[in-house]
Amino acid sequence: VAPAAEPGFAMRVTFGAAAVLAVVLNEAVLALWPLRPRAAGPSSTPVTSASRGCPEPLAPTALQKAPDAPVPPVPVLPPTAPPEAGRWADLGNPLRHVPPPTLRLLPGAGPEGDAAAQVHRWLIFGMSSVRRPRVDYLGITLSRLFNVLGNGEETAIVVHLADFNEGWVLRTSRWLGAGFADEVEAGRLHAIHASQALYPLQQAKLAVVTLSGFTSEELNKPFVKREGERIHGRETYWSKTGKFFIYWCQSEGAAVSHRRWGISATADLEQVRSGACPAYARAPEDHEVLDPLVTGWEEWTGQSWEVRSEAGVDRIDVEEGEMLKFGDSPQRQWWRSKQNLDYAFLMWYSAKISDYYMQLEDDVQVVPNFLTTVKSYIERQLLGERWIMVCFSKLGFIGKFFNSTLLPSLAEFLLTFNAEMPCDWLVWVWIDILTTSPFTPDIPRDLEKEYEVRQIAVWNETVRNKLPFMRDDLQLFYKASVYGQKIGPKIGTDFGGQQVFGTPAAEVNNSKPPLDPNGVRLKIFPPATVRSTMAAYDKFDAARAYPPNDPMGFWTSDTCFGGESSPLCDPMNKFLEIEFNQPVRLRSVHVEMGGPEHAQDYIRNGQLLALPPNCNGETATVLGTVSGPNLSFPVESSQEIGCIRLVLGTTQREWVLVRGISVEQAVDHSAKAPPTVPALARQLETVQGAEAAS
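Residues numbered from 1 in each chain as written. Predicted model: local features only at pLDDT ≥ 70, side-chain atom pairs only at ≥ 80, totals over all residues. Heavy atoms only, no water.

**Notes on the pattern of salt bridges**
Argument step 1. According to the stated counting rule, one finds 26 salt bridges in the structure shown.
Argument step 2. One salt bridge connects E153 with R121, and the closest N-O pair in it is separated by 3.0 Å. Here E153, found in the loop between α3 (138-149) and β3 (155-161), pairs with R121, found in strand β2 (residues 121-129); they are 32 residues apart in sequence, far enough to count as distant.
Argument step 3. Across the salt bridge formed by R273 and E270, the nearest N and O atoms sit 2.6 Å from each other. You can see R273 and its partner E270 sitting in helix α6 (residues 269-273), 3 residues apart, about one turn around the helix.
Argument step 4. For R273, a relative accessible area of 43% gives the class partly exposed.
Argument step 5. Several salt bridges share partner residues, and in doing so they unite K225, E227, R230, E235 and E319 into one network. (Salt bridge = Lys/Arg side-chain N within 4 Å of Asp/Glu carboxyl O. Helix = DSSP H or I, 4+ residues; strand = E, 2+ residues; numbered from the N terminus. Buried < 20%, exposed > 50% of the residue type's maximum accessible area, 1.4 Å probe, protein only.)

Next comes the structure, spelled out in structure tokens:
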């Protein structure tokens, strides 16, 4: 990751031999390992134009394998959620409904595999890998890494097999289990897979797709999206004559034969709907998105498939209101979004099995003293300091080092904003949120520069040939220092001493919570006990209302409806109460009620009360009337508060669903202001002098 001096001759010979051996082993395993049998597709025999009037189906004949090697299916995990949160958009954090062990392929299931996978490590290296058409680096990369890491128990590697071709995932996990059997058995190599059903990916919305480069002029035409006609969950695009249409072909099950776009005749629509894949032309495999950058489509000649090097999508017209971010193509935009989600699942799985985590890629090379250098830097420079991320490389997301306690937060952030920007840009925004100082003032300017360069590249071939990937362009590496002493939230980089900001530092925002000495954000919401005099429905209990962001919330039908005359059901005594462990001073309180499927489930005529430290309701202060689903209440008083009480107030027919209650603590302006930089330096000198004297 970090450049180092070239090893000696003996070391070069050793690494060369290891690389050659890894390549030979990789090829041998892939060639000799028995393949899984599967049934032939709906029409596995080529159909000639003379016999059927349509070309050869995409699905090939079935592969054979020895009968004595049963293959476990690749797990396909549909997202689960409580009834109130049945869609991705309704969940505070969908990852909470994906138990990390359910993603694991290696070590295998069972007591021994579970025990090996749960061994806690000092450092986890995470990487994502997908199928490559020409060369596979994964085996070589893992061999080199394990050679450098040695046999120590303090590290492990987690590989996310992130391709949607589950046949490839199955084969790769099998040869990993065979080629690295010792490492898998010891729990030093994990392989995971998140199925496509878990990915909330969205493609660019295209209105018209124009093709060119085919011998048949009937195919070199515009194809218009047809509303309501979807195949395999994807849009279809139809020629203006209605004779041909573009559709997505995807074989079902673990042994995937084809995943590609094809062009078929309207006469074969029912055959396509039933699962067959007849085609007059087809795109290269595993390109999920129709994109002018993807050329080399194949055309059926009546006898065989012929590659047309210039054939493919000539032009796309997006729907009104749709925008391609950063001037990217649809394929590139889709790939960036998927990479964010790949890393989100990888981090979610790795969060609780190590102290620290480093992101790598499946084609990196590391120097022999790699682990020693990393560990030495962490122990000498960061222990006891406040930090968020260390950069051991300037390339994209490679070599980024985190405290594992922050991984769930980063994973959720990457998932939530997966379609907004690349992961190595999102991470800076995430850092900006976590810290008291803004770290991203230059991102908008860099975005504009990148876009301008790409616009120039459209007509300037010299610029276009030298155009780098955006993921390598943003090279901001943060570290703050005061007279040689590292102070405050920082990011280390390559053991250098670059300043944090490209522009003068902004003032510290004291309203943001600080970090503790180990790089973990302090709790935003003061700890409290939550209770209610209203009976909860099912498992939607009161504790789910505070702190906020629980996807279920507190849900009750106990609203005194039909019992107005009964003294046992007094709506003024029906409330949800938050009792803080320690009295607090608040600036505001926000109450969120209702939900996507239950928009009417909120309090109609209630009150929000602030109670003194003894939580005596007789001396409560009314913060405001509750009469809507989403309300914010300022707290004018500077007095300490012991409890917050949400009161039903009056009888109502509707149920009440409290999605969450959040509080903002008041800033204590009477506290002593933080010392200035020179004053802080003098304090450090005083402390150092006292230590030397003692």
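The structure having been displayed, the exposition proceeds.
**So, the packing of helix α9 (residues 407-416) against helix α10 (residues 423-434)**
Packed helices, taken two at a time, are described by the angle between their axes plus the distance between the axes.
Argument step 1. Where α9 contacts α10, the axes come no closer than 10 Å and their chain directions differ by 125 degrees. The angle between α9 and α10 falls in the class oblique. The crossing of α9 and α10 is right-handed. Here α9 contributes S409, L410, F413 and L414 to the contact with α10, which in turn contributes C423, L426, V427, V429, W430 and I433.
Argument step 2. Considering only residue class, the contact of α9 with α10 consists of 9 nonpolar, 1 polar and no charged. (Axes fitted to C-alpha atoms, helices over the stretch in contact; angles between N-to-C directions. Parallel < 35°, antiparallel > 145°, perpendicular 65-115°, else oblique. Left-handed = near helix turned anticlockwise from the far one by under 90°. Contact = heavy atoms within 4.5 Å. Nonpolar A, V, L, I, M, F, W, Y, C, P; charged D, E, K, R; others polar.)

**Structural notes on the packing of helix α7 (residues 330-350) against α9**
Argument step 1. Packing of α7 against α9 leaves a shortest axis separation of 8 Å and a crossing angle of 160 degrees. Our classification of the angle between α7 and α9 gives roughly antiparallel. Remark: the crossing between α7 and α9 carries left-handed chirality. Packed against α7, whose contacting residues are N340, L341, Y343, A344, M347, W348 and S350, the element α9 presents L407, P408, L410, A411, L414 and L415 at the interface.
Argument step 2. For the contact of α7 with α9, a count of residues per class yields 11 nonpolar, 2 polar and no charged.

**What to know about the confidence of the model for the chain**
Argument step 1. Chain-level pLDDT for the chain is 74 on average; 68% of the residues reach the 70-or-more range.
Argument step 2. Here strand β17 (residues 481-482) is the element of the chain with the lowest mean pLDDT, 27, and strand β4 (residues 189-192) is the one with the highest, 97.
Argument step 3. Every residue in residues 1-8 is under pLDDT 50, and counting partners more than four places away or in other chains gives 13 contacts.
Argument step 4. Under a pLDDT of 50 for its full length, residues 671-694 has, in the predicted model, 10 contacts with residues more than four places off or in other chains. (pLDDT = per-residue confidence, 0-100.)

**Considerations on the sheet that holds strand β20 (residues 528-532)**
Argument step 1. On the basis of which strands lie adjacent, the open sheet formed by 5 strands has the order β20-β22-β27-β24-β25 and antiparallel pairing. At either margin of the open sheet sits one strand with a lone partner, and together these are β20 and β25 (621-626). The mean inter-strand angle of the sheet, taken between neighbouring strand axes irrespective of direction, is 15 degrees. (Pairing = 2+ DSSP bridges.)

**Considering the packing of aromatic side chains**
Argument step 1. Evaluated as defined, the whole model comprises 28 aromatic pairs.
Argument step 2. For the ring pair W122 and F401, a centre distance of 6.5 Å and an interplane angle of 50 degrees mean the geometry is tilted. A residue pair is termed long-range when its members are at least 10 positions apart, and W122 in strand β2 and F401 in strand β16 (residues 400-403) qualify at 279 residues. Both residues of the pair, W122 and F401, count as buried.
Argument step 3. Across from the ring centre of W238, 3.7 Å away, lies the NZ or CZ of R226, which sits over that ring. (Phe/Tyr/Trp six-rings, centres within 6.5 Å; stacked < 30°, edge-to-face > 60°. Lys NZ or Arg CZ within 6 Å of the ring centre and 35° of its normal.)

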